[in-house]
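Spelled out, the chains give:
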Amino acid sequence: WGAAGSTSARTLAVASHAQRYLCVDVLMHLTCTGVTREQLAQALSQAKSCGVHNILALRGDPPKGKRAWEKDDVSGGECDRAIDLVRLTRKLHGSYFGIAVAGHPEGHPASYSPEKEMAHLKDKMDAGADFIITQFFYDASVFLAYVRNCRENGITCPILPGIMPIQSYSSFARMTEFCGISVPPSVMQRLEPVKHDDEAVKEIGCQIASDMCHEILGAKEEEGAVDGVHFYTLNLERSVTLILTSMGAIDLVGTIAAANSTTATPADSPQKQNGEKSDKHANKSSPSDPSSSMAVLPPTRRQFPWRPSAMASRSKEDVRPINWANRPKSYVMRTDDWDEFPNGRWGDATSPAFGELSDVSHFYSFTLGSDDDRRAMLGHNPTTDKDVFEVFARYVEGDVPHIPWCETPLQPESFLIQRQLAALNRAGFLTVNSQPPVNGAHSTHPTFGWGGAGGYVYQKAYCEFFVSPDNANRLVSMVTDHPSMNLYAVNNAGNELRVGVEEGGATALTWGVFPNREILQPTIFDPSTFLVWAEEAFSLWTTMWLNLYEMDSPSYDLIETIRDTYYLVAIIDNNYIAGSSVENGGINNKNSNSLWQKLMETSHAVVQ
């Protein structure tokens, strides 16, 4: 929050963006040092309007000129202490906010006595605080004793231990001295021999933090058990990623890719779009290097195949069209003004309307960088169709980090078909979205699982791509010969092609069957919504690619021709049983009538 709210605007913007578009809950810090009650009330109202539901109520840093708080010091604002901020928040907003307050396992430097400090903490809870986050420490036994002391004094709320990974020896020494944190001899014995080697210090620091987490989370209730931990990252996420990975709390895509490569042959396997590194690039991502690997939650912890929003207004949303699977931020922005979100069934796609396209809704100032960055990824001067095809293929192979239609991390399913996807793209089938068929995979399946334990999940094969008019006609013939398939296609002028399509409703593409619940269908295809998405998809050729080049240049003319002549095609194979990639927990790639086999035959693609 910054001293006296000096970074308040930035804090609110980051908190709102993280919750609205990254779909994670946030805990916004709020301090009362040097701030009036009116300013605090305004900050709370702004946080509420941004969808923020959780506040960490703090007194804040000491005023300028003071190194630390002393006994009887107050904030200098109209709320003397954090307890006054808790009371003000509850008075103004009732139970809307979840409120956290600070705890100090080794005592606050300005406290009179441990007994008075514990009594004050109890008063904060009685004033309306919901849970406690503690100051960092390096002795797990100190924290567990603190939890037991809280329980003995009637504090029954959740208590989260503050874990601060050691990033360098100098910062570690400085922070522990400044905050009065004790360091066990065992920790110093591990750090002293390597204190001049920052990488070694980080590695040992991760081990120390992981050991503390295991000890704390493994404690029994009478020993001071808690339900989770809070990491102080100091904006350095690498160490925390390593700690979480070592604890099994997250996976790294590099780890998943290595596991999948031992169970299926990528050339023969189905997919979910968006590529993976080929064998020749396999060493680029190492599970031990989070800077080059994508961290993801274990699939069995996923509520849906897509990440649900953390906004209260979208809490009942449980179905989305597949088209924005790789551009979720754009989907969230274009549906941000909806009063209600589809739940249970998609319903009438014409009401409410999608928000208008805009540069803001594309979000690519964040993901694709400057014009020079985009030229480096998409090509400085492409002159032939094959130059464009190669960009899509290299994206699939991991050499191009983004393309305009795919802003999201690689899906684990994509590791099953990386070489096949690359071949399709080099043949002029420019894929932007897809998923393999799945017939009754366990909901805890490491790649396809979602929704929790005890269920079974299903998927229809789906593939979406840009193709030339000639290839679009070949696809029409392919689908005509296979009654289980549907084809939807549209070009930039709005001319449509449809095969095997009846007028009306949405098609469930992903669904799950779970104990004591209705069937869930979180991913659908809707013909009307496809046309809305197609408008956005074609506009990206202009805003993100065409505009990189001088008007009337060969590169400009090439991208313009592709935009104005190609079709965006979506194909669904309703026979999810015969062509299933995953059936009864195993991989099945042998069905010659699968969508993927037919696409390879129709495109004359050759796997390299």
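Residues numbered from 1 in each chain as written. Predicted model: local features only at pLDDT ≥ 70, side-chain atom pairs only at ≥ 80, totals over all residues. Heavy atoms only, no water.

The name that an unreviewed UniProt entry assigns to the chain is MTHFR SAM-binding regulatory domain-containing protein, with the source organism given as Ditylum brightwellii. Regarding the chain, the UniProt comment filed under Cofactor (unreviewed entry) reads as follows: "FAD". Note on the chain: under the UniProt heading Sequence similarities (unreviewed entry), the record states "Belongs to the methylenetetrahydrofolate reductase family." (UniProt positions renumbered as here; feature names shortened; annotations may be inferred.)

Chemist: For this particular structure, what's the right way to read the pattern of salt bridges?
Modeler: If charged atoms from side chains of opposite charge come close, those side chains can pair. Under the defined criterion, the tally for this structure stands at 20 salt bridges. Here Arg 374 ties to Asp 371 by a salt bridge, and the two come within 2.4 Å at their closest N and O atoms. Linking Arg 374 with Asp 371, this pair stays in helix 14 (residues 371–378), spanning 3 residues, or about one helical turn. The exposure class of Arg 374 is buried, given its relative accessible area of 10%. (Salt bridge = Lys/Arg side-chain N within 4 Å of Asp/Glu carboxyl O. Helix = DSSP H or I, 4+ residues; strand = E, 2+ residues; numbered from the N terminus. Buried < 20%, exposed > 50% of the residue type's maximum accessible area, 1.4 Å probe, protein only.)

Chemist: Mind showing me how you'd approach the sheet that holds strand 15 (residues 496–499) here?
Modeler: Neighbouring strands of a sheet are bound in pairs by backbone hydrogen bonds; such pairs are parallel or else antiparallel. One open sheet holds the 5 strands; their spatial order is 10-13-18-14-15, and the pairing between them is antiparallel. The open sheet is flanked by strand 10 (430–435) and strand 15, the only strands paired with a single partner. On average, each strand axis in the sheet is tilted by 10 degrees relative to the strand beside it, whichever way the strands run. Inspection of the sheet shows strand 13 (residues 461–467) paired to strand 18 (residues 567–573) by 7 bridges, in the antiparallel sense. Bridging across to strand 18, Phe 465 finds its partner in Val 569. (Pairing = 2+ DSSP bridges. Axes fitted to C-alpha atoms, helices over the stretch in contact; angles between N-to-C directions.)

Chemist: Explanation requested: the environment of Glu 317 in the structure shown.
Modeler: If you trace the backbone, Glu 317 turns up in the loop between strand 8 (295–296) and strand 9 (320–321). Among the residues examined, Glu 317 registers a relative accessible area of 3% and is labelled buried. Sequence-wise, Glu 317 and Glu 340 are 23 residues apart; in three dimensions their C-alpha atoms are separated by 8.3 Å. Looking at Glu 317, its side chain comes within polar contact range of the side chain of Arg 314, at 3.0 Å. (Polar contact = N/O pair within 3.5 Å; in protein donor to acceptor, adjacent residues only side chain to side chain.)

Chemist: Teacher, can you tell me more about the packing of helix 3 (residues 82–93) against helix 4 (residues 114–127) here?
Modeler: Packed helix pairs are characterised by how far apart their axes lie and by the angle those axes make with each other. Following both chains from N to C, one finds helix 3 and helix 4 inclined at 10 degrees, their axes separated by 9 Å at the closest point. As far as their axial angle goes, helix 4 and helix 3 are roughly parallel. Of the residues in helix 4, those touching helix 3 at Ala 82, Ile 83, Val 86, Arg 87 and Arg 90 are His 120, Asp 123, Lys 124 and Ala 127. By residue class, the composition of the contact of helix 3 with helix 4 is 4 nonpolar, 1 polar and 4 charged. (Parallel < 35°, antiparallel > 145°, perpendicular 65-115°, else oblique. Contact = heavy atoms within 4.5 Å. Nonpolar A, V, L, I, M, F, W, Y, C, P; charged D, E, K, R; others polar.)

Chemist: What am I meant to see in helix 17 (residues 469–480) here?
Modeler: Because each turn of an α-helix spans 3.6 residues, side chains separated by three or four positions end up pointing in the same direction. In this model, helix 17 (12 residues) spans 16 Å end to end at C-alpha, consistent with the 16 Å of a helix rising 1.5 Å per residue. Against strand 13, strand 14 (485–491), strand 15, strand 18 and helix 20 (595–603) lie the buried residues of helix 17. (Expected span 1.5 Å × (residues − 1).)

Chemist: Explain the sheet that holds strand 2 (residues 54–58) to me, please; I cannot follow it from the model alone.
Modeler: Read across the open sheet, the 6 strands follow the order 1-2-3-4-5-6; overall the sheet is parallel. If you trace the sheet from one side to the other, it starts and ends with strand 1 (28–31) and strand 6 (230–231), each paired once. As defined by bridge partners, strand 5 (residues 159–163) adjoins strand 6 across 2 bridges and the pair is classed as parallel. Within strand 6, the position partnered with Ile 163 by the bridge is Phe 231. With respect to the sheet, helix 2 (residues 37–49) is in contact with strand 1 and strand 2, its orientation differing from that of strand 1 by roughly 170 degrees. Against the sheet, helix 3 engages strand 1, strand 2 and strand 3 (98–103), with an angle of about 145 degrees to strand 2.

Chemist: I would appreciate a short explanation of the nonpolar core in the present structure.
Modeler: Among soluble globular proteins, nonpolar side chains are generally buried collectively. Formed by 72 residues in total, the largest nonpolar core has its most connected members in Trp 405, Phe 466, Leu 475, Trp 541, Trp 545, Ile 571 and Leu 599. Here the element with the most residues in this core is helix 18 (residues 527–544); it accounts for 8 residues. Counting 65 residues, the second largest nonpolar core, distinct from the first, contains Ala 43, Val 86, Ile 166 and Val 201. (Core = buried A, V, L, I, M, F, W, Y, C linked by side-chain atoms within 4.5 Å.)

Chemist: Would you explain unusual backbone geometry in this entry?
Modeler: If a residue is not glycine, its phi is most likely negative; likewise, a peptide bond is most likely trans. Even without being a glycine, Cys 23 presents a positive backbone phi close to 65 degrees. Inspection of the secondary structure assignment puts Cys 23 in the loop between helix 1 (8–20) and strand 1. A positive phi angle is found at Leu 234, which is not glycine, with a value near 55 degrees. Tracing the chain through its elements places Leu 234 in the loop between strand 6 and helix 9 (237–247).

Chemist: Would you mind going over the packing of helix 2 against helix 3 with me for this structure?
Modeler: Between helix 2 and helix 3, the shortest axis-to-axis distance is 11 Å and the interhelical angle comes to 55 degrees. Taken together, the axes of helix 2 and helix 3 lie oblique to each other. For helix 2 against helix 3, the interelement crossing comes out right-handed. Of the residues in helix 3, those in contact with Arg 37, Leu 40, Ala 41, Leu 44, Ser 45 and Lys 48 of helix 2 are Leu 85, Leu 88, Thr 89, Leu 92 and His 93. (Left-handed = near helix turned anticlockwise from the far one by under 90°.)

Chemist: Please explain the packing of aromatic side chains as it appears in this structure.
Modeler: Each aromatic ring pair is summarised here by two numbers: the centre-to-centre distance and the angle between the ring planes. A complete count under the given rule lists 25 aromatic pairs for this structure. Note on Trp 324 and Trp 533: the rings are 5.5 Å apart at their centroids and 70 degrees apart in plane angle, and the pair reads as edge-to-face. With a gap of 209 residues between them, Trp 324 in the loop between strand 9 and helix 11 (328–334) and Trp 533 in helix 18 connect regions that are remote in the sequence. Of the two residues, Trp 324 and Trp 533, both sit in the buried class. When the ring of Phe 392 is compared with that of Trp 545, the centres are 6.2 Å apart and the planes differ by 25 degrees; the resulting orientation is stacked. Taken as a pair, Phe 392 in helix 15 (residues 385–396) and Trp 545 in the loop between helix 18 and helix 19 (554–565) lie far apart in primary sequence, 153 residues in all. With respect to class, Phe 392 is no different from Trp 545; both count as buried. Cluster of aromatic residues (ring-pair linked, three or more members): Phe 392, Trp 405, Phe 466, Phe 538, Trp 541 and Trp 545. (Phe/Tyr/Trp six-rings, centres within 6.5 Å; stacked < 30°, edge-to-face > 60°.)

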